[in-house]
Amino acid sequence: QVQLVESGGGTVQAGGSLRLSCAASGRTFSNYAVGWFRQAPGKEREFVTAISWSGSSTYYADSMKGRFTISRDNANNMVYLQMNSLQPEDTAVYYCAAAPHGTNLFRPYNYDYWGQGTQVTVSS
């Protein structure tokens, strides 16, 4: 089993940056791919980015390419999301989630474990 805890959210002005962290517990964390999703009020949960269990493969939603970077440190059970050039439309609760190796990482229903989320607010 894997437990996930996000941190690093907050309020930032448009054009600013934030780095989110996802701390995992559980000895099998390195066997899981990890994704970040976000959900704004009144909207569906949206795929942001994902990283394979080894870190060798990464995936991004089109609107995040070039602005967001995902990385992981399996030795310390951490996954990071560096977000640059933030815009008001990036305001949402951001969740990290863990999925078994080989699943479609773009679909939230393929993830077995979720964190509680961290709020990101971008002011104009």
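Residues numbered from 1 in each chain as written. Predicted model: local features only at pLDDT ≥ 70, side-chain atom pairs only at ≥ 80, totals over all residues. Heavy atoms only, no water.

On to the side chain of Glu6, then. On the secondary structure map, Glu6 appears in strand 1 (residues 3-7). There is no salt bridge for the buried Glu6, and the closest opposite charge comes from Arg45, which lies 7.7 Å off by N-O distance. Within the local environment of Glu6, its side chain forms a polar contact with the backbone nitrogen of Cys96, the two atoms lying 2.8 Å apart. A distance of 2.9 Å separates the side chain of Glu6 from the backbone nitrogen of Gly117, its partner in a polar contact. Here Glu6 is in contact with Ser21, Cys22, Trp36, Tyr94, Tyr95, Cys96, Gly115, Gln116, Gly117 and Thr118, once residues within four sequence places are set aside. (Helix = DSSP H or I, 4+ residues; strand = E, 2+ residues; numbered from the N terminus. Buried < 20%, exposed > 50% of the residue type's maximum accessible area, 1.4 Å probe, protein only. Lys, Arg positive; Asp, Glu negative; His and termini not counted. Salt bridge = Lys/Arg side-chain N within 4 Å of Asp/Glu carboxyl O. Polar contact = N/O pair within 3.5 Å; in protein donor to acceptor, adjacent residues only side chain to side chain. Contact = heavy atoms within 4.5 Å.)

Quick look at the sheet that holds strand 3 (residues 18-25) now. The strand order across the open sheet formed by four strands is 1-3-8-7, and the pairing between neighbours is antiparallel. The sheet is open, and its two edges are formed by strand 1 and strand 7 (68-73), each paired on a single side. Mean inter-strand twist for the sheet, computed between neighbouring axes without regard to direction, equals 15°. Bridge count for strand 1 against strand 3 is five bridges, and the pairing is antiparallel. Bridged to Ser7 within strand 3 is Ser21. (Pairing = 2+ DSSP bridges. Axes fitted to C-alpha atoms, helices over the stretch in contact; angles between N-to-C directions.)

Next up on the list: the packing of aromatic side chains. The description of an aromatic ring pair rests on the distance of the ring centres and on the angle between the ring planes. Tallied over the full model, the rule gives eight aromatic pairs. With a centroid separation of 5.6 Å and an interplanar angle of 75°, the aromatic rings of Phe37 and Phe47 are classed as edge-to-face. Of the two residues, Phe37 sits in strand 4 (residues 32-39) while Phe47 sits in strand 5 (residues 46-51), which places them 10 residues apart along the sequence. Across the pair, exposure class does not vary: Phe37 and Phe47 are buried alike. Taking the centre distance of 4.6 Å and the plane angle of 45° together, the rings of Phe47 and Phe106 count as tilted. With Phe47 in strand 5 and Phe106 in the loop between strand 9 (92-100) and strand 10 (113-114), the pair connects residues that are 59 residues apart, well separated along the chain. (Phe/Tyr/Trp six-rings, centres within 6.5 Å; stacked < 30°, edge-to-face > 60°.)

Let us look at the pattern of salt bridges. Applying the stated rule across the entire model yields four salt bridges. Notably, a salt bridge pairs Asp62 with Lys65, separated by 3.3 Å at the nearest N-O pair. The partner of Asp90 in a salt bridge is Arg67, with the nearest N and O atoms 2.8 Å apart. You can see Asp90 sitting in the loop between strand 8 (78-83) and strand 9 and its partner Arg67 sitting in the loop between strand 6 (58-60) and strand 7, a full 23 residues away along the chain. We classify Arg67 as buried; its relative accessible area is 17%.

We now examine the environment of Gly117. Inspection of the secondary structure puts Gly117 in the loop between strand 10 and strand 11 (118-123). In contact with Gly117, other than residues within four places in its own chain, are Glu6, Val93, Tyr94 and Tyr95.

The buried fraction of strand 8 amounts to five of the six residues, a majority that puts the element mostly inside the structure. As defined by bridge partners, strand 3 adjoins strand 8 across six bridges and the pair is classed as antiparallel. In the strand pairing of strand 8, Cys22 is matched with Val79. Judged from the six bridges that link them, strand 7 and strand 8 form a sheet pairing that is antiparallel.

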